[in-house]
Amino acid sequence: QEQLVESGGGLVQAGGSLRLSCAASGSIFNINEMGWYRQAPGKQRELVATISIGGSTNYAESVKGRFTISRDNVKKMVYLQMDSLKPEDTAVYYCNADVRKSLLHKYVGVWGQGTLVTVSS
């Protein structure tokens, strides 16, 4: 069973930094796009950042210049470096990855369980 496990969430003051990590495990042949999404209380889940297998990145306007997504294809991990954090960044952050078991399988989207980031003012 393929799964994603996030870590690195916590409580930080405004202006501070956190680094989220997400590890993929299970029967994974390779991973296509990986990304981070977040869901604040009472709001819909939204895209934060994505990164392609080749390293191309895409960011939400609200985090551009403050967050950096990266990945390690060998370790099957994706990271989110969050700097200059604001109270409005408070949310549960979810890792997402398109994985496949072999060349004969299609890519399937997998979600992590989420990690809470709280930014105090």
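Report on the accompanying structure. All values reported here derive from a predicted model rather than from experimental measurement. For every chain, the first residue of its written sequence is number 1, and the numbers climb from 1 along that sequence. Since the coordinates come from a predicted model, pLDDT governs what is reported: local features require at least 70, and pairs of side-chain atoms require 80 or more to be given and counted, while whole-chain, interface and lining totals use all residues. Here the side-chain values reflect all heavy atoms present in the structure, with hydrogen atoms and water set aside.

1. Considerations on the state of the cysteines
Disulfide: a pair of cysteine sulfur atoms within 2.5 Å of each other. Counted under the stated rule, the structure contains one disulfide. The disulfide partner of Cys 22 is Cys 95, and the gap between their sulfur atoms is 2.1 Å. Sign of the S-S torsion, about -85 degrees for the bond between Cys 22 and Cys 95, identifies this disulfide as left-handed. Here Cys 22 is found in strand β3 (residues 18-25), whereas its partner Cys 95 is found in strand β9 (residues 91-100), with 73 residues between them in sequence. With respect to class, Cys 22 is no different from Cys 95; both count as buried. Counting from the N terminus, the helices are the DSSP runs of H or I reaching at least four residues and the strands are the DSSP runs of E reaching at least two. Think of it in three bands: with a 1.4 Å probe and only protein chains considered, a residue is buried below 20% of the maximum accessible area for its type, exposed above 50%, and partly exposed in between.

2. A few points about the nonpolar core
Note on terminology: a nonpolar core comprises buried Ala, Val, Leu, Ile, Met, Phe, Trp, Tyr and Cys residues joined through side-chain atoms within 4.5 Å. Within the largest apolar cluster, 31 residues are counted, with the highest numbers of intra-cluster contacts made by Trp 36, Leu 80, Met 82 and Tyr 93. Elements that contribute at least two residues to this core include exactly β3, β4 (30-39), β5 (46-51), β7 (67-72), β8 (77-82), β9 and β11 (115-120). At five residues, the largest contribution of residues to this core is made by β9. Residues within four places of Met 82 in sequence aside, it is in contact with Gly 16, Ser 17, Leu 18, Leu 20, Arg 66, Phe 67, Tyr 93 and Val 117. Should any heavy atoms of two residues lie within 4.5 Å, those residues are counted as being in contact.

3. Re the pattern of salt bridges
Opposite charge on two side chains makes pairing possible when the charged atoms of those side chains draw close. Throughout this description, the term salt bridge denotes a Lys or Arg side-chain nitrogen within 4 Å of a carboxyl oxygen of Asp or Glu. For the structure shown, the criterion picks out five salt bridges. A salt bridge links Arg 38 to Asp 89, with the nearest nitrogen and oxygen atoms 3.0 Å apart. Taken as a pair, Arg 38 in strand β4 and Asp 89 in the loop between β8 and β9 lie far apart in primary sequence, 51 residues in all. Judged by its relative accessible area of 6%, Arg 38 falls in the buried class. Classification of Asp 89 as buried rests on a relative accessible area of 0%. A salt bridge links Asp 89 to Arg 66; the nearest nitrogen and oxygen atoms lie 2.7 Å apart. Taken together, the positions of Asp 89 in the loop between β8 and β9 and Arg 66 in the loop between β6 (57-59) and β7 put the pair 23 residues apart, joining distant regions of the chain. Across this residue pair, the class does not change: Asp 89 and Arg 66 are buried.

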